[in-house]
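Okay, here's what each chain looks like letter by letter:
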Amino acid sequence: MAIDTRLARRVRALGLPDFASYCDYLQNSGDEAETTELINAVTTNLTAFFRENHHFEYLRDHAIPERMQAAGGNRNISIWSAGCSTGEESYSLAMTVGEMEDKLRGWNVDIAAADIDSNVVATASAGVYRSDRVEGLPKSRLRRWFLKGTGSRAGHVRVKPELRQRIGFGLLNLMQSWRQDPKDIIFCRNVIIYFDKESKKKLADRFADVIKPGGFFLSVTRSPCSR
């Protein structure tokens, strides 16, 4: 959907005559709620469960085992889904971790997830999706991690509580000031591609400050790489 179409919805919702009036309203009204609506309107939220599945295979086969070896006596691994959208990536991470339970017995794997769009974070936190969103998942995975909706929820699935509880969702603007505890593994996919060159460099530097030595950064436009 073109950005002018998205913004036109906000112009109409406020009863304003044109885009110029909307810009003036944003600059002078002090309406923080409308600023949130603007962010939600212009952000792009294309995602899917196990999108670019080779990243999750790499997580399972290489990234997590290597971080386990590097942890020493500290049996904790931290994963961050930066730009989590409606949560499919984050839950894919959690499913991958859950399906490694034998190898990870006695370990704590913390998964944090954040996005700038309050609407998609609310969707992610709820963990409710249309059934067609999970059509490509194996039946064994569906049975283990999802509940089938009935009645008013027919045609939907819900992520099981044990999976939702593995993830901490929150709001975050990556281009504003933020602090994160050091991370072993960062997923930031379909995010950086939307920034200009200078913003990409700034964000890459900030990720480099957060990731632990030997940690992993996975991006949709790069092969998985170790710092």
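Because the structure is a prediction, the values reported are computed rather than measured.

**A look at the overall build of the chain**
Each helix and strand counted, the chain has nine helices and nine strands in total. Taken over 227 residues, the chain has a buried fraction of 41%. Of the contacts made within the chain by residues no fewer than 6 positions apart, 74% connect residues no fewer than 24 positions apart. Total accessible area on the chain stands at roughly 12,500 Å², and carbon and sulfur atoms take up 49% of it.

**Some words on the packing of aromatic side chains**
On inspection of all chains with the given rule, the structure shows eleven aromatic pairs. Pairing Trp80 with Trp178 gives two aromatic rings, centres 5.3 Å apart and planes at 70°, and the pair type is edge-to-face. Remark: Trp178 occurs in the loop between β6 (167-171) and β7 (183-187) and Trp80 occurs in strand β1 (residues 76-82); sequence separation between them is 98 residues. For the pair formed by Trp80 and Trp178, the shared burial category is buried. Between Tyr91 and Tyr129, the ring centres sit 6.3 Å apart and the planes meet at 85°, which makes this aromatic pair edge-to-face. Remark: Tyr129 occurs in strand β3 (residues 128-130) and Tyr91 occurs in helix α5 (residues 88-98); sequence separation between them is 38 residues. Members of the aromatic cluster, joined through ring pairs, are Phe49, Tyr91, Tyr129, Phe146 and Phe169. A cation sits over an aromatic face here: Arg141 above Phe50, 4.1 Å from the ring centre.

**With respect to the nonpolar core**
Note on soluble globular proteins: their nonpolar side chains tend to be buried together. Phe49, Ile64, Ile77, Ile79, Leu104, Phe146 and Ile185 are the most contacted members of the largest nonpolar core, which totals 34 residues. Counting residues per element, the ones that place at least two in this core are α4 (53-70), β1, α5, β2 (108-115), β5 (156-159), β7 and β8 (211-218). Excluding anything up to four places from it in sequence, Phe146 contacts Phe49, Met95, Val134, Leu137, Arg141, Val157, Arg158, Val159 and Lys160. The next biggest cluster of nonpolar side chains, apart from the first, holds 15 residues, and it includes Ala82, Leu174, Trp178 and Ile192.

**Notes on the pairing of β7**
Within a regular beta strand, the side chains point alternately toward one face of the sheet and then the other, so they alternate between its two faces. Most of β7 sits out of view: five of its five residues are buried. Judged from the four bridges that link them, β7 and β8 form a sheet pairing that is parallel. Considered in β8, the bridge of Ile186 is made with Phe217.

**Some thoughts on helix α6 (residues 118-126)**
Buried within α6 are the following residues: Val120, Val121 and Ala124. The buried residues of α6 occupy an angular sector of 100° when projected down its axis, which confines them to one face. Sitting at the amino-terminal end of α6 is Asp117, which places a side-chain oxygen 2.8 Å from the backbone nitrogen of Asn119. Gly127 occupies a position one or two residues after α6 and carries a positive phi of about 70°.

**Focus on the pattern of salt bridges**
Enumeration over the complete set of coordinates arrives at twelve salt bridges. The salt bridge partner of Arg67 is Asp184, with a shortest N-O separation of 2.9 Å. In this pair, Arg67 sits in helix α4 while Asp184 sits in strand β7, placing the two residues 117 residues apart along the sequence. Summarising the burial analysis for this pair, Arg67 and Asp184 share the class buried.

**Focus on helix α2 (residues 19-28)**
In this structure Asp18 caps α2, since a side-chain oxygen of it lies 3.4 Å from the backbone nitrogen of Ala20. A positive backbone phi angle near 70° is found at Gly30, which sits one or two residues after α2.

**What about the packing of α4 against α5?**
Taken N-terminus to C-terminus, the directions of α4 and α5 make an angle of 45°; their axes are 10 Å apart at the nearest point. By the angle between their directions, the pair α4 and α5 is classed as oblique. The way α4 lies across α5 gives a crossing that is right-handed. Residues Phe56, Leu59, Arg60 and Ile64 of α4 touch α5, and the partners they reach there are Glu89, Ser92, Leu93, Thr96 and Val97.

**As for the confidence of the model for the chain**
Close inspection of predicted coordinates is inappropriate for parts of the model with low pLDDT. In this model, the chain carries an average pLDDT of 87, and 89% of its residues clear a pLDDT of 70 or more. Here strand β9 (residues 225-226) stands out as the least confident element of the chain, with mean pLDDT 43; α5 is the most confident, with 97. Counting contacts from residues 222-227, a segment whose pLDDT is below 50, to residues more than four positions away or on other chains yields 17 contacts.

So, how was this worked out
- Residues numbered from 1 in each chain as written.
- Predicted model: local features only at pLDDT ≥ 70, side-chain atom pairs only at ≥ 80, totals over all residues.
- Heavy atoms only, no water.
- Helix = DSSP H or I, 4+ residues; strand = E, 2+ residues; numbered from the N terminus.
- Buried < 20%, exposed > 50% of the residue type's maximum accessible area, 1.4 Å probe, protein only.
- Contact = heavy atoms within 4.5 Å.
- Areas by Shrake-Rupley, 256 points an atom, 1.4 Å probe, with all protein chains shown as cover.
- Phe/Tyr/Trp six-rings, centres within 6.5 Å; stacked < 30°, edge-to-face > 60°.
- Lys NZ or Arg CZ within 6 Å of the ring centre and 35° of its normal.
- Core = buried A, V, L, I, M, F, W, Y, C linked by side-chain atoms within 4.5 Å.
- Pairing = 2+ DSSP bridges.
- Arc of directions from axis to C-beta.
- Polar contact = N/O pair within 3.5 Å; in protein donor to acceptor, adjacent residues only side chain to side chain.
- Salt bridge = Lys/Arg side-chain N within 4 Å of Asp/Glu carboxyl O.
- Axes fitted to C-alpha atoms, helices over the stretch in contact; angles between N-to-C directions.
- Parallel < 35°, antiparallel > 145°, perpendicular 65-115°, else oblique.
- Left-handed = near helix turned anticlockwise from the far one by under 90°.
- pLDDT = per-residue confidence, 0-100.

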